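In case you want the letters, here they are:
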Amino acid sequence: MIAIQRLHKETLQKQCEKLELKTILIKEKVQKFQLVDRYTELTIISDVRDRELVEHELLARGREHEEWRQKQLRGELEKIRTDKLFHSSFSKGSHLHSSQGSGSDSPTGTSAVVSGVAGIGKTTMVQKIVHDWATGKIYPRFHFVFVFKFRDLNRLYDRATLSRLIGEQYPYLRGVLDELWKHPETLLFIFDGSDIVYSLIQKKLLPGCSVLVTSRPTALHLLAKAQVSVWAEILGFVGEERREYFHKFFEDQEVAAAVYSHVEENELLLTMCYNPSYCWILALSLGPFFTRKHSNKQRVRMDSPRDVMLKIGDMAFTGVSHRNIVFYSEDLVKSNLQPSQFLSGFLMELVERESSEHSVVYTFPHLTIQEFVAALAQFLSPDSKRTMRCLIRSDMEEDGRFEIFLRFVAGLSSPRAAQPLEDFLGPFVHQTTCAVIDWLGEKFEAQIKDTDTITGKGKLLKTLHYLFESQNQALAQQTLGSVHTLTFGDDSPRKALTLTPIDCVVLSQAIGLCDTIKQLNLRNCYIRYEGLQRLVPALHKCQELHIPCVCVPVSRLGGNNLGDCGVKRLCEALRNPECKIQSALSTNHSLTELYLNINKLGNCGVGEQ
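From a predicted model like this one, the values you see are computed outputs, not experimental measurements.

Peer 1: I keep staring at the nonpolar core and nothing clicks. Help me out?
Peer 2: A general feature of soluble globular proteins is that nonpolar side chains tend to end up buried together. Counting 78 residues, the largest nonpolar core has Phe146, Ile166, Phe189 and Phe246 as the members making the most contacts within it. Membership of the second largest hydrophobic core comes to 72 residues, among which are Met315, Leu332, Phe488 and Val506.

Peer 1: It is not clear to me how the pattern of salt bridges should be interpreted in this structure. Could you clarify?
Peer 2: Once the charged atoms of two side chains with opposite charge are near each other, the side chains can pair. Per the counting criterion, the structure on display carries 15 salt bridges. One salt bridge in this structure joins Lys182 and Glu179, with 3.5 Å as the shortest N-O distance. A residue is classified by how much of its surface remains accessible, and Lys182, at 58% relative accessible area, is exposed. The partner of Arg243 in a salt bridge is Glu240, and the shortest N-O contact between them spans 2.8 Å.

Peer 1: When you look at the packing of helix H10 (residues 241–249) against helix H11 (residues 253–265) in this model, what are you seeing that I'm missing?
Peer 2: Contact geometry for H10 and H11: axes closest at 8 Å, N-to-C directions at 140°. The handedness of the crossing between H10 and H11 comes out as right-handed. Judged by residue contacts, Arg242, Arg243, Phe246 and His247 of H10 engage Gln253, Ala256, Ala257, Val259, Tyr260, Val263 and Glu264 from H11. For the contact of H10 with H11, the residue count by class is six nonpolar, two polar and three charged.

Peer 1: It is not clear to me how the pairing of strand E7 (residues 210–215) should be interpreted in this structure. Could you clarify?
Peer 2: A regular strand places its side chains so that they alternate between the two faces of the sheet. Where burial is concerned, most of E7 is hidden: six out of the six residues are buried. Residues Ser210, Leu212 and Thr214 point to one face of E7 and Val211, Val213 and Ser215 to the other, with burial holding for every one of them. Bridging between strand E4 (residues 111–115) and E7 involves five bridges; their strand directions are parallel. Across the sheet, Ser115 pairs through a bridge with Ser215, a residue of E7. By the bridge criterion, four bridges tie strand E6 (residues 187–192) to E7 in an arrangement that is parallel. Pairing of Ile190 across the sheet is with Leu212, part of E7.

Peer 1: How should I be thinking about the environment of Trp181 in this particular structure?
Peer 2: Assignment of secondary structure puts Trp181 in helix H8 (residues 177–181). Among the residues examined, Trp181 registers a relative accessible area of 10% and is labelled buried. Linking Trp181 and Pro207, residues 26 residues apart in sequence, is a C-alpha distance of 9.6 Å.

Peer 1: I'm lost on the sheet that holds E4 in this one. Help?
Peer 2: Remark on secondary structure: sheet strands pair via backbone hydrogen bonds, oriented parallel or antiparallel. Read from one edge of the open sheet, six strands run E3-E8-E4-E7-E6-E5, paired in mixed fashion. Two strands lie at the open edges of the sheet, namely strand E3 (43–46) and strand E5 (144–149), each paired on one side alone. Ignoring strand direction, the axes of neighbouring strands in this sheet form an average angle of 20°.

Peer 1: Even after reading the chapter, I still don't get the packing of aromatic side chains, so can you show me in this structure?
Peer 2: The relative placement of two aromatic rings is captured by the distance of their centres and the angle of their planes. Tallying each qualifying case throughout the model produces 20 aromatic pairs. Between Phe327 and Phe364 the ring centres are 5.9 Å apart and the planes differ by 85°, which places this aromatic pair in the edge-to-face class. Here Phe327 is found in the loop between helix H14 (305–321) and helix H15 (329–334), whereas its partner Phe364 is found in the loop between strand E10 (360–363) and helix H16 (367–380), with 37 residues between them in sequence. Exposure remark for Phe327: the relative accessible area of 2% places this residue in the buried category. Taking relative accessible area as the criterion, Phe364 reaches 4% and is therefore assigned buried. An aromatic cluster is present here, built from Phe237, Tyr245, Phe246, Phe249, Phe250 and Tyr260 joined pairwise through their rings. For the cation-ring pair, Arg38 lies above Phe249, with the distance from its terminal atom to the ring centre recorded as 4.7 Å.

Peer 1: Before we go on, may I ask you to explain helix H17 (residues 384–396) in this structure?
Peer 2: Given 3.6 residues per helical turn, the α-helix brings residues three or four places apart onto the same face. Taking 1.5 Å of rise per residue, 13 residues should cover 18 Å, and H17 covers 19 Å from first to last C-alpha, within 8% of that figure. Among the residues of H17, those classed as buried are Ser384, Thr387, Met388, Cys390, Leu391 and Ser394. Buried residues of H17 fall within an arc of 160° about the axis and therefore sit on the same side. Set apart from the buried face of H17 by more than 90 degrees, the exposed residues are Lys385, Arg393 and Met396. Those residues of H17 that are buried are in contact with H14, H16, helix H18 (403–412) and helix H20 (430–447).

Thresholds, definitions, all that
Residues numbered from 1 in each chain as written. Predicted model: local features only at pLDDT ≥ 70, side-chain atom pairs only at ≥ 80, totals over all residues. Heavy atoms only, no water. Core = buried A, V, L, I, M, F, W, Y, C linked by side-chain atoms within 4.5 Å. Buried < 20%, exposed > 50% of the residue type's maximum accessible area, 1.4 Å probe, protein only. Salt bridge = Lys/Arg side-chain N within 4 Å of Asp/Glu carboxyl O. Axes fitted to C-alpha atoms, helices over the stretch in contact; angles between N-to-C directions. Helix = DSSP H or I, 4+ residues; strand = E, 2+ residues; numbered from the N terminus. Left-handed = near helix turned anticlockwise from the far one by under 90°. Contact = heavy atoms within 4.5 Å. Nonpolar A, V, L, I, M, F, W, Y, C, P; charged D, E, K, R; others polar. Pairing = 2+ DSSP bridges. Phe/Tyr/Trp six-rings, centres within 6.5 Å; stacked < 30°, edge-to-face > 60°. Lys NZ or Arg CZ within 6 Å of the ring centre and 35° of its normal. Expected span 1.5 Å × (residues − 1). Arc of directions from axis to C-beta.

Laid out in structure tokens, this is it:
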């Protein structure tokens, strides 16, 4: 048995020692990297938050990232290391707390679920865990570890099926399976990308074994009633891990520093870089611009890239509609797509085993690229009316699946964004661009009138994001110029909209385009210091008085946990030479109301007022 175990570890070590990226029909350009050289530690926390997720999962986690970063800086963020996933201190199972209070790994079967949004690093984390086990670094109590991909799970019905599955994947174990089943406490099953593995988690299939399941947040409700010992979530990169990723990505450290510096200067990009896939996309995209050795590659001959892009865009949109990120050969056939070098720039080919029933699957490098391609196709389709019907239907969905797609649609209506693509793919359909712009204007006019409910406030914020992405100064000025009131807050926290730093960037731009803001209500929006920093450049406009004794502007900032630093920052904005409210603070009593209650102000903060 020792010899078999050694063979198993050697097999898994070889399978996991490299990170690979494969693309369609470019086998000679498969990129391989040593896992230990490229892997950047992920922040994993014990997940005790609400698992019901109705909005776009990437946005939902992005909304809380800045708060996590601040907690880490204050030393308040308790992380779970991958070698401690089955540690009793993180377990919610009462049977572990009774006898394992010392914090050692549980000697009996444990089930752990690790969730994370698309591209956050779940699969790479699993690869690192398996590699570390195979090299003897972690989990010595497990004698055998088995890893299965999501598509194999449909065949998991009973022990016999499990035996066949292991036999297919690890033929050298066929003769010792009966012996392995006698010691389930030494077995760890890992299911990467799974929705449900009830038989094993509920201890009905092999009592005493341990199970690790990775899942996207949108599938967690399927595991809500399962007997899970440890719930955890991957936050991605929190803090300096983002910088570390870029420096590991590039061999030339000067290029790495230049690329990261560029990302760091753009707050939107930097915030989204909590997700490793965004870091990867940005590194690939920006690297050539900072590399001194530019290669002059001949342009590859391609057959009708516009036609191919339209077809792949339609397939991508169907995937977004059904929350599908994995495609099979039959999906390409249905979309009339043939593998080509051009297509390889958008789809990755993942090969598991030649003997597998579905040996090849295709996926976009990230869900966001899939959403972008789906949006791009709308401007290439000759049927603009069909596109608009699709747009309207997407906007009616309230579960968030189309939100990033719609942001891309709004952004592609901008001539500045469209031109580089039109140079390559041909002109966008003009009727579609005009229809999108009209749709944006009509949508804003409808939403600005409906901010009494939190749903209405949320829709208005989404519309502001669309306007922000459109980069259409004339449209934004036309729609925002006459707006005097912006309301996202409320006296009741339940009716107020939580605003992220990115939301505040968008709101700041919107305020800057308004002629006069008489009331800005952000009460209980929990913008905190990070959000206030983004708003400061425009706040003076909300407070400005042109004629004495005219209707007084009111700024509601209560319930935002600004703290002393936030109040100092606010006072800096009010001291801006261009801010006419400066005199109001010192001599003129025009400022009659400034709500700052429930903001955790200390003596320092109050003194600044």
